[in-house]
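# A closer look at the structure
Residue-level listing of the chains:
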Amino acid sequence: MTPDEVQRVLHDHLVNEILLRRTPLGPDEDLFEAGLDSMALTRVLVFVEDRFGIRIPDEDVVVDELSTLARMARFVTAQATPGRT
């Protein structure tokens, strides 16, 4: 999947299942200011692992890389890339 496709999947999950908001998220909107907390982030990461069939080691999780929808999509895309270091 492309980063844009990943971003759409993440957007729908975050808006409809995690944040329960009626308005869309902007790609550069701060997710933590929008209501994401550490427990919700854990739920999102579990969703990502299940949805995209990847494992995200704890040491790879950097909160700053997950602070916006666009950053999270890039992070997930990088994690899903075969042969990543």
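Look up a bit, the structure's there.
Residues numbered from 1 in each chain as written. Predicted model: local features only at pLDDT ≥ 70, side-chain atom pairs only at ≥ 80, totals over all residues. Heavy atoms only, no water.

### Examining the overall build of the protein chain
The following threshold applies: Secondary structure elements follow DSSP: runs of H or I no shorter than four residues count as helices, runs of E no shorter than two count as strands, and numbering proceeds from the N terminus. Radius of gyration means the value over C-alpha atoms here, while the globule rule gives 2.2 Å times the residue count to the 0.38 power. Only heavy atoms enter the contact rule, under which two residues are in contact if any of them lie within 4.5 Å. The Shrake-Rupley method, run with a 1.4 Å probe sphere, supplies the accessible areas, and residue values consider only the shown protein chains as cover.
Scanning the protein chain from N- to C-terminus turns up three helices and zero strands. Starting at the N terminus and ending at the C terminus, the protein chain contains elements arranged as α-α-α. Computed over C-alpha atoms, the radius of gyration of the protein chain comes to 12 Å, within 12% of the 12 Å expected from 2.2 N^0.38 for 85 residues, which places it in the range of a compact globule. Judged by the C-alpha coordinates and their principal axes, the protein chain covers about 40 × 25 × 20 Å. Of all intrachain contacts in the protein chain linking residues separated by at least 6 positions in sequence, the fraction that spans at least 24 positions is 57%. Carbon and sulfur atoms make up 50% of the accessible area of the protein chain, which totals about 5,200 Å².

### Some words on the nonpolar core
Inclusion rule: Residues grouped as a nonpolar core are buried Ala, Val, Leu, Ile, Met, Phe, Trp, Tyr and Cys residues, joined through side-chain atoms within 4.5 Å. Only protein chains enter the area calculation, which uses a 1.4 Å probe; residues under 20% of their type maximum are buried, those over 50% are exposed, and those in between are partly exposed.
Judged by nonpolar contacts, the single largest core of 24 residues is most densely connected at Leu10, Leu14, Leu36, Val48, Met72 and Val76. Contributions of two or more residues to this core are made by α1 (3–18), α2 (38–52) and α3 (69–80). Discounting chain neighbours no more than four positions away, the residues touching Val76 are Val6, Leu10, Val48, Phe52 and Ile54.

### Quick notes on the side chain of His13
Relative to the assigned elements, His13 resides in helix α1. With relative accessibility at 14%, the residue His13 sits in the buried group.

### Section: the packing of α1 against α2
The line we're drawing: Note on geometry: axes are lines fitted to C-alpha atoms, helical ones only across the stretch in contact, with angles between N-to-C directions running from 0 to 180 degrees. In this scheme, roughly parallel covers angles under 35 degrees and roughly antiparallel covers those over 145, while 65 to 115 is roughly perpendicular and the rest are oblique. If you view the pair so one helix is near and one far, a crossing is left-handed when the near helix is turned anticlockwise from the far one by less than a right angle, and right-handed when it is turned clockwise. Ten residue types, Ala, Val, Leu, Ile, Met, Phe, Trp, Tyr, Cys and Pro, are classed as nonpolar, four, Asp, Glu, Lys and Arg, as charged, and the remainder, Gly among them, as polar.
One way to put it is that α1 packs onto α2 with a least axis distance of 11 Å and a crossing angle of 135°. One way to sum up the angle between α1 and α2 is to call them oblique. Where α1 crosses over α2, the two elements pack in a sense that is right-handed. For the pair α1 and α2, the contacting residues are Val6, Val9, Leu10, His13, Leu14, Glu17 and Ile18 in the first and Ala40, Arg43, Val44, Phe47, Val48, Arg51 and Phe52 in the second. Residue composition of the contact of α1 with α2, by class: 10 nonpolar, one polar and three charged.

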